[in-house]
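Next come the chains, spelled out residue by residue.
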Amino acid sequence: MSKHVTESLVFRPASELPTADLEGRDVLVLNPCDGWHEGRVLAFREDGEIYHVGIYTWLVDEMTPHDFYVAWALLPDSIALSKTFEAEKR
């Protein structure tokens with residue numbers, strides 16, 4: 001029988017911006033025009049100081065709150081989750 005795993009997503013409004021401690025985490029964003037998009041939290045630094053944190057596409061285009069998305073949620077750690085299904089590899 002297949003193993004099932006349950007993960008929970010907590011959706012946050014676009015007005016609640018990601019913080020630097022979430023850098024590198026994958027997120028799911030909701031765009032009311034065309035649905036779901038996957039992004040990654042990135043923090044940009046200058047002289048060691050963080051000057052901007054946002055959600056970006058894999059092409060490093062920023063997904064802007066209120067304009068591109070209205071809500072977002074952290075996705076589970078993909079590496080840890082994939083280890084749960086290690087037996088599924090060929």
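In this text, all values refer to a predicted model and were calculated from it rather than measured experimentally.

Chemist: Help me get a handle on the environment of L30, residues and values and all.
Modeler: Inspection of the secondary structure puts L30 in strand β2 (residues 26-31). A relative accessible area of 27% means that L30 is categorised as partly exposed. Residues L30 and D67, spaced 37 residues apart in sequence, show a C-alpha to C-alpha distance of 11 Å. Among all residues touching L30, those that are not within four sequence positions of it are G35, W36, F68, Y69, V70 and A71.

Chemist: Describe the pattern of salt bridges, with residues and values.
Modeler: For the structure shown, the criterion picks out four salt bridges. Of the charged contacts, one joins D26 and R40 as a salt bridge, the two residues approaching to 2.9 Å between their closest N and O atoms. A residue pair is termed long-range when its members are at least 10 positions apart, and D26 in strand β2 and R40 in strand β3 (residues 35-46) qualify at 14 residues. D26 sits in the buried class, given a relative accessible area of 16%. We classify R40 as partly exposed; its relative accessible area is 39%.

Chemist: Before we move on, could you go through the environment of H37 and cite the residues and values that matter?
Modeler: Locating H37 in the fold gives a position in strand β3. Looking at H37, the relative accessible area reads 23%, which means it is partly exposed. As for H37 and R12, which are separated by 25 residues in sequence, their C-alpha atoms are 15 Å apart. If near-sequence neighbours (up to four positions away) are discounted, H37 is found in contact with V27, L28, V29, N31, M63 and F68.

Chemist: Can you tell me about a nonpolar patch on the surface, naming the residues and giving the values?
Modeler: On the surface, a nonpolar cluster with roughly 310 Å² of combined accessible area is contributed by L9, F11 and W36. Mapped onto the fold, W36 is located in strand β3. Judged by its relative accessible area of 49%, W36 is partly exposed.

Reading guide: rules and limits
- Residues numbered from 1 in each chain as written.
- Predicted model: local features only at pLDDT ≥ 70, side-chain atom pairs only at ≥ 80, totals over all residues.
- Heavy atoms only, no water.
- Helix = DSSP H or I, 4+ residues; strand = E, 2+ residues; numbered from the N terminus.
- Buried < 20%, exposed > 50% of the residue type's maximum accessible area, 1.4 Å probe, protein only.
- Contact = heavy atoms within 4.5 Å.
- Salt bridge = Lys/Arg side-chain N within 4 Å of Asp/Glu carboxyl O.
- Patch = residues over 30% accessible without salt bridge, like charges linked within 9 Å, V, L, I, M, F, W, Y side chains within 5 Å.
- Areas by Shrake-Rupley, 256 points an atom, 1.4 Å probe, with all protein chains shown as cover.

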